[in-house]
Amino acid sequence: MMKIIKKIKSSKALVTLVWVLGILVIWEIFAFVVAATKRTPENIMPHIWQIAYSFIDPKPVANGMSCLQVVLVNAGQTLSRAGQGFLIGTLIGFGLAILMKLSNTVNKIAAPYLMLIQLIPILGMAPIILAMTHDIGSSRIIIAAILTFYPVATNTLAGLNSVERQKYELMYSYAAKKSTVYFKMLIPSCIPYFFTGLKIAAPMAITASILVDTLQGDGGLGCMLSQSLKHAMSIYVFWDIVVFSAVIGVLSCSLMGWIENGVSPLKRIERKSKKKKEAV
């Protein structure tokens, strides 16, 4: 019985449930406070049950579509652009990290530009990219890619640089080729760092895509969010998008964790050792 209680206390599901319940309680407290102030428009911060009901309410709010339909239709556009940018940014970031490790010259040239790109605000970057591409869809994909490749590149490079000197000496004692050193030692060693970058980049790509939508129009969650705030449609569209975006952001980070558990050799070793301990 004590083992079961300890297992429940240490479970991630319980911790997550406590956090979610805490957020819901705080939200409801503020919703009552805001409602009591009688602001205009009234109930600018709705109750949880009102937001939940808006997801299933069939009442049309825009172009004959309900709140849920508006969110899902526009989510397809936003997530498609964010996904394309994420994949492109991941490939470029990983490739750049390898090049920076291979060549000190590339490292010195690329490092300042990586920092410079990261310092430019998304809202300032969007008009620049749009002016260069002259295409709204392409500019959104490029911005998502830019925000993805920085954390991927820096974390992967950190993983490549974290390998101990003794491992290099062991590989050289076997007269291993440079390609063997990378494929057998460096790349497997940097996988945890690489996935850390992906966990950071995935929600950022989605957030960037939504933010750029608010500026450039042409559909997407950000565009609907902006229109809802201007009362061009139900204000509940805004709250539905906020909740939907938060859930998608958490799921995207979790998805990277699930993939890591499936492909990382270190994670497989950890699972095997954990099973042995539990068996004992």
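If you're wondering where the values come from, they're calculated on a predicted model, not measured in any experiment.

*Asks:* Could you clarify how one ought to interpret helix H4 (residues 67-102) in this entry?
*Replies:* The terminal C-alpha atoms of H4, which comprises 36 residues, lie 51 Å apart, in line with the 52 Å expected from a rise of 1.5 Å per residue. The largest bend in H4 comes to about 30 degrees, at Ala75.

*Asks:* Can you help me understand the pattern of salt bridges in this one?
*Replies:* This model, assessed by the stated rule, comprises four salt bridges. The salt bridge involving Arg81 is made with Asp213; its shortest N-O contact spans 3.6 Å. With Arg81 in helix H4 and Asp213 in helix H9 (residues 178-216), this residue pair connects regions lying 132 residues apart in the sequence. For the pair shown, Arg81 and Asp213 are each scored as buried. Here Lys167 ties to Glu164 by a salt bridge, and the two come within 3.5 Å at their closest N and O atoms. Residue class for Glu164 comes out partly exposed when judged on its relative accessible area of 40%. Three or more residues are tied together by salt bridges with common partners; here these are Arg81, Arg140 and Asp213.

*Asks:* So what exactly am I meant to see when it comes to the nonpolar core here?
*Replies:* Soluble globular proteins tend to pack their nonpolar side chains together in the buried interior. In this structure, Leu96, Ile143, Met185 and Leu186 are the most contacted members of the largest nonpolar core, which totals 27 residues. Of all the secondary-structure elements, those providing two or more residues to this core are H4, helix H5 (104-119), helix H6 (122-133), helix H7 (136-161), helix H8 (165-173) and H9. Considering every element that reaches this core, the biggest residue donor is H7, with eight residues. Sequence-distant contacts of Met185, defined by excluding residues within four places in its chain, comprise Val163, Lys167, Tyr168, Met171 and Thr180.

*Asks:* Looking at this structure, I do not really get a nonpolar patch on the surface. What am I missing?
*Replies:* On the surface, a nonpolar cluster with roughly 480 Å² of combined accessible area is contributed by Leu14, Leu17, Val18, Val20, Leu21 and Leu24. Locating Val20 in the fold gives a position in helix H2 (residues 12-36). A relative accessible area of 40% places Val20 in the partly exposed class.

*Asks:* Looking at this model, I keep getting lost on the confidence of the model for the chain. Mind explaining?
*Replies:* Taken residue by residue, the chain gives an average pLDDT of 82. The fraction at 70 or more is 88%. Across the chain, element-level confidence peaks in H4 with a mean pLDDT of 91 and bottoms out in helix H1 (residues 2-10) with 56.

*Asks:* In this structure, what is going on with the packing of H4 against H5? I would like to understand it.
*Replies:* How two helices pack is summed up by the angle between their axes together with the distance between the axes. Here H4 crosses H5 at 135 degrees, and the two axes come no closer than 6 Å. Between H4 and H5, the angle is such that the two are oblique. Across the interface between the two elements, Leu96, Leu99, Met100 and Leu102 of H4 pack against Asn104, Val106, Asn107, Ala110, Ala111 and Leu114 of H5. Here the residues of the contact of H4 with H5 are counted per class, giving eight nonpolar, two polar and no charged.

*Asks:* Sorry, what's going on with the packing of aromatic side chains here?
*Replies:* Under the defined criterion, the tally for this structure stands at four aromatic pairs. Note on Phe94 and Phe194: the rings are 5.3 Å apart at their centroids and 75 degrees apart in plane angle, and the pair reads as edge-to-face. In this pair, Phe94 is assigned in helix H4 and Phe194 in helix H9, connecting sequence segments 100 residues apart. Here the aromatic rings of Phe194 and Phe195 are separated by 5.4 Å at their centres, their planes lie at 75 degrees, and the arrangement is edge-to-face. Under the relative-accessibility criterion, Phe195 is labelled buried at 6%. Feature note: the residues Trp27, Phe238 and Trp239 constitute an aromatic cluster, connected by ring pairs.

Conventions we followed
One numbering rule holds for all chains: residues counted from 1, following each sequence as written. Totals for whole chains, interfaces and linings use all residues, but because this is a predicted model, local features are given only for residues with pLDDT of at least 70 and pairs of side-chain atoms are given and counted only at 80 or more. By convention in this description, side-chain values take in all heavy atoms of the structure and omit both hydrogens and water. Numbered from the N terminus, helices here are DSSP runs of H or I no shorter than four residues, and strands are runs of E no shorter than two. In a helix, the anticipated span is given by 1.5 Å times the number of residues less one. In this scheme, the bend at a residue equals the angle between the axes fitted to the seven residues that finish there and the seven that begin there. Throughout this description, the term salt bridge denotes a Lys or Arg side-chain nitrogen within 4 Å of a carboxyl oxygen of Asp or Glu. The buried label applies to any residue whose accessible area, calculated with a 1.4 Å probe on protein chains only, is under 20% of its type's maximum; exposed applies above 50%, and partly exposed to all values in between. Remark: nonpolar core denotes a set of buried residues (Ala, Val, Leu, Ile, Met, Phe, Trp, Tyr, Cys) joined through side-chain atoms within 4.5 Å. Any pair of residues with heavy atoms lying within 4.5 Å of one another is described as a contacting pair. Two joining distances apply to patches: 9 Å for like charges and 5 Å for nonpolar side chains (Val, Leu, Ile, Met, Phe, Trp, Tyr), and every residue must have over 30% relative accessible area and no salt bridge. Computed by Shrake-Rupley with a 1.4 Å probe, the accessible areas treat only the displayed protein chains as cover when residues are assessed. A residue's pLDDT is the predictor's confidence in that residue, given on a scale from 0 to 100. Every axis corresponds to a line fitted to the C-alpha atoms, with the helix fit spanning only the stretch in contact, and the corresponding angles, defined between N-to-C directions, vary from 0 to 180 degrees. When an angle is under 35 degrees it counts as roughly parallel; over 145 it counts as roughly antiparallel; between 65 and 115 it counts as roughly perpendicular; any other value is oblique. Polar here means any residue outside two lists: the nonpolar Ala, Val, Leu, Ile, Met, Phe, Trp, Tyr, Cys and Pro, and the charged Asp, Glu, Lys and Arg; Gly therefore counts as polar. Two aromatic rings from Phe, Tyr or Trp, using only the six-membered ring of Trp, form a pair when their centres are within 6.5 Å; if the ring planes differ by under 30 degrees the pair is stacked, by over 60 it is edge-to-face, and anything between is tilted.

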